[in-house]
Amino acid sequence: MVLPKNQPDTLANAHYKIKLEVFEGPLDLLLYLIKKDEIDIYDIPIAYITEEYLKYVRAMQELDIDLAGEFLVMAATLIHIKSKMLLPISSTQASELEDVADPRQELVNRLLEHKKFKAAAETLWSRAEIEQAVFTRAPIDSDKDNPEIAATIFDLVSMFKKILERRKEEIQVEIANDKLTLAQKIKEIKGLLSLKEQISVSELFNNAKSRTEIVIIFLAVLELTKESIIGLVQTETFGELIATRRDISKAYDPLANQAYT
Amino acid sequence: MLLEEILVKPMTRSPIKPILEALIFVADQPIQLKEICQVLSDEDPKEIEQILSDLVIEFNSRDSGMELREIAGGWRISTRPCYHEAIRRYLKTKPSAKLSLASLETLAVIAYKQPVTIPEILEIRGVSSSSAIKTLLDRRLIIPKGRKDCVGRPIMYGTSKEFLIQFGLKDLSELPNIEDFEELLAN
Amino acid sequence: MLLEEILVKPMTRSPIKPILEALIFVADQPIQLKEICQVLSDEDPKEIEQILSDLVIEFNSRDSGMELREIAGGWRISTRPCYHEAIRRYLKTKPSAKLSLASLETLAVIAYKQPVTIPEILEIRGVSSSSAIKTLLDRRLIIPKGRKDCVGRPIMYGTSKEFLIQFGLKDLSELPNIEDFEELLAN
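Residue positions are counted from 1 within each chain, in the order its sequence is given. The order in which chains are written sets their letters, starting at A; the order in which ligands are written sets their numbers, starting at 1. With pLDDT at 70 or above as the cut-off, local features in this predicted model cover only qualifying residues; side-chain atom pairs require 80 or more to be listed or tallied, and sums for whole chains, interfaces and linings still use all residues. Heavy atoms from the whole structure form the basis of all side-chain values; hydrogens and water molecules are not counted.

Student: Describe the packing of helix α3 (residues 46-62) of chain A against helix α4 (residues 69-86) of chain A, listing the residues and the values that go with them.
Tutor: Residues and elements named next belong to chain A. For helices, the fitted line uses only the C-alpha atoms of the stretch in contact; every axis is such a line through C-alpha atoms, and the angle between N-to-C directions lies from 0 to 180 degrees. Labels follow the DSSP assignment, with helices taken as runs of H or I lasting at least four residues and strands as runs of E lasting at least two, numbered in each case from the N terminus. Put simply, α3 and α4 touch, their axes get as near as 10 Å, and they point 155° apart. Considering their axes alone, α3 and α4 lie roughly antiparallel with respect to each other. Between α3 and α4 the crossing geometry is left-handed. Judged by residue contacts, I46, A47, I49, T50, Y53, L54, V57, M60 and Q61 of α3 engage E70, F71, L72, M74, A75, L78, I79, I81, K82 and M85 from α4. Of the residues contributing to the contact of α3 with α4, the split by class is 15 nonpolar, two polar and two charged. Between 65 and 115 degrees an angle is taken as roughly perpendicular, under 35 as roughly parallel, over 145 as roughly antiparallel, and anywhere else as oblique. Definitions for this section: a left-handed crossing has its near helix turned counterclockwise from the far helix by less than a right angle. A right-handed crossing has that turn clockwise. Here, two residues are considered to be in contact whenever any of their heavy atoms come within 4.5 Å of each other. We call Asp, Glu, Lys and Arg charged. Ala, Val, Leu, Ile, Met, Phe, Trp, Tyr, Cys and Pro are nonpolar, and the rest, Gly among them, are polar.

Here is the structure:
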């Protein structure tokens, strides 16, 4: 990644950048911070962890890293929990202390849940590792009678989307072709020749966007030659074919176009 | 057992024999002794040859459904010919839950545009779909749904109950639309 | 040997056992006990089941390169994982691209919470999982499983048969209990 020019590439920033890119999401970042400082997940010092979390988020922003919205939501959540923890507990609440929910509880539950699935993912990984070391027999004759693919509803949807896109493209090409007429092309070439006395024919073809356009250019050149508006010259055998302006007055005559429209 | 233990070769008396068997099993052509020796280049080819002939005797002396035979200059594992009857019966009854790409495309059009006629399917897919439609009718994934009130009164097709079952849908309203997958299909 | 002798079932004590082996070998997908019983409809399903379990023990007690395992609700013969090195050298294959950690985590959530919607996955992972879900759908590890009866009727996802095969599971009940991972949380 290229750092913005006004951003000093300090060691500290580089350090954050490396670390930051590792985190999948805010929960991963929090788990990392908890582990790094050997914090008891059931008793998180929320002020400290919020500060640490915000340091990373700020570093990310300074480095102009696209911040996933989830990181900011979590920052807001942490600040909210912190402010709740700072509120003095009223005497009535204190008497029912047992019933007052710890503001951190929900976050802790989410972190624990997330950690469980991370562990589950690791188990899945090692299972896949074993299965990748297992091979089944090569295809035999009886398999060859059925060289087809199995499908799910997802295949059906993505297939339908592809068909629609394919049709859309085809229709767009057709529309583009409709717009392109021989008369237009002739006008275009005449225009070019009014600026320059000669032009190489291959140059005319170079800008063609489709096969149809190539055919139209070809027809236009033939037509212009037939009408003696341009002359075709070849300086050497198999050399470059040059179109030269022959009848300037005709080239400028707007009525001359009428015949082709 | 630890992952490392599962993936590491055990120290048995002749660790080569099971490897030979595994190689013959996975090969898509009869595998030649020469090829085996190339794979096991650390081993003595003479020894490999000896172990292979031991393996053949051992493999074929079991009361097994498979056999290990030399064929076209190589070695291959196949079923024993005497069990052909049951195998044929199995291959015939095998429910093929599979469809060709053309059939699948046609099915997608019918599912999303039903009731729809063959000319309309042609219009959307850009290619003729007659044989795909035959397959889908044979597999009971689609059914005729009356005729369209237009010139030629072509038959309209729609999906069947079997279609819902095979694709795990309660009813047609459960059919996901493109918007449902928009985000996933985006790139 | 005469042709007739080759094609006729030998009169051994249990002629079913080798047939089971041959059927499992021939099937291109793990073959279910149910399917085997359909093919051998003259035989007592109870007896077939007993013979199958005998076969499994016998097959796997050999010092063999192959093993007979129950996977994705069916039976399959494959090579033993410890011989992967020689097999890879012969087939010249590399292990297929591994799933990213993000995809694996998403898959874990889907496997344990299925059927589950995208917003529910987001809630657990704390991060959007669209691209992971797309990867999992493309690799056929998960499939849509209808819609949830709530606002927006989001699509629910679950794991596929391919998931069981790629992760070597008999069925979903073989997944280690998610609560067992609680212990690992200690650190």
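Student: Go over the pattern of salt bridges with me, naming the residues and quoting the values.
Tutor: A carboxyl oxygen of Asp or Glu within 4 Å of a side-chain nitrogen of Lys or Arg is what we treat as a salt bridge. For the structure on display, the rule yields 39 salt bridges over all chains. For the salt bridge of K36 of chain A with D37 of chain A, the shortest nitrogen-to-oxygen distance reads 3.8 Å. Only protein chains enter the accessibility calculation, which uses a 1.4 Å probe; a residue is then buried when its area is under 20% of its type maximum, exposed when over 50%, and partly exposed in between. Judged by relative accessible area, K36 of chain A falls into the partly exposed class, the value being 37%. The partly exposed category is assigned to D37 of chain A, whose relative accessible area is 28%. Of the charged contacts, one joins R62 of chain B and E58 of chain C as a salt bridge, the two residues approaching to 3.9 Å between their closest N and O atoms.

Student: Break down empty space enclosed by the protein for me, with residues and values.
Tutor: A water-sized probe rolled over the atoms picks out the places where empty space is left. Residues and elements named next belong to chain C. Note on definitions: the grid is 1 Å and covers protein atoms alone; a cavity is a set of points where a 1.4 Å probe fits but cannot get out; a pocket is an open set with protein on both sides within 12 Å along at least five of seven lines; lining residues have an atom within 4 Å of a point. Grid points are joined across faces, edges and corners, and a volume is the space filled by probe spheres set on the points. For the structure shown, the criterion picks out one cavity of 30 Å³ or more. In this model, the largest cavity occupies a volume close to 50 Å³. Sorting elements by how many residues they give to the lining of the largest cavity places strand β4 (residues 142-147) first, with four residues.

Student: An account of the interface of chain A and chain B is needed here, citing residue identities and associated values.
Tutor: Of the residues lining the interface, 29 residues belong to chain A; the matching set on chain B comes to 35 residues. Buried surface at the junction of chain A and chain B, summed over both partners, amounts to about 2,900 Å²; 76% is from carbon and sulfur atoms. For the pair chain A and chain B, the interface holds one salt bridge. We note a salt bridge from R166 of chain A to E105 of chain B, for which the minimum N-O separation is 3.4 Å. Pairing of N or O atoms within 3.5 Å defines a polar contact, subject to two protein rules: one partner must be a possible hydrogen donor and the other a possible acceptor, and residues neighboring in sequence count only if both atoms are side-chain atoms. Counting across the interface, chain A meets chain B through two residue pairs in polar contact (both at pLDDT 80 or more). Two parts placed together each lose some accessible area; with a 1.4 Å probe, that loss summed over both constitutes the buried area.

Student: So what about the packing of aromatic side chains? Which residues, and what values?
Tutor: All names here are of chain B. Two rings belonging to Phe, Tyr or Trp (six-membered ring only in the last case) form a pair when the distance between their centres is within 6.5 Å. Interplanar angles under 30 degrees mark stacking, angles over 60 mark edge-to-face geometry, and anything in between is tilted. Going through the model one piece at a time under the given rule, you end up with seven aromatic pairs over all chains. Taking 5.1 Å as the distance between ring centres and 40° as the angle between the ring planes, the aromatic pair formed by F163 and F167 counts as tilted. Relative accessible area serves as the criterion here: at 0%, F163 is assigned to the buried category. What makes F167 buried here is its relative accessible area of 10%.

Student: For the interface of chain B and chain C, give the residues involved together with the corresponding values.
Tutor: Each side of the interface is counted separately: chain B has 54 residues, and chain C has 51 residues. Summing the contributions of chain B and of chain C, the shared interface buries around 4,600 Å²; its carbon and sulfur component is 64%. Between chain B and chain C we count five salt bridges in total. Along the contact surface separating chain B from chain C lie 13 residue pairs in polar contact (both at pLDDT 80 or more). Elements represented by at least two residues in the side of chain B that touches chain C include exactly α1 (3-7), α2 (16-26), α3 (33-39), α4 (45-61), β2 (74-79), α5 (84-93) and α10 (178-185) of chain B. Its residues placed into classes, the side of chain B that touches chain C shows 31 nonpolar, 11 polar and 12 charged.

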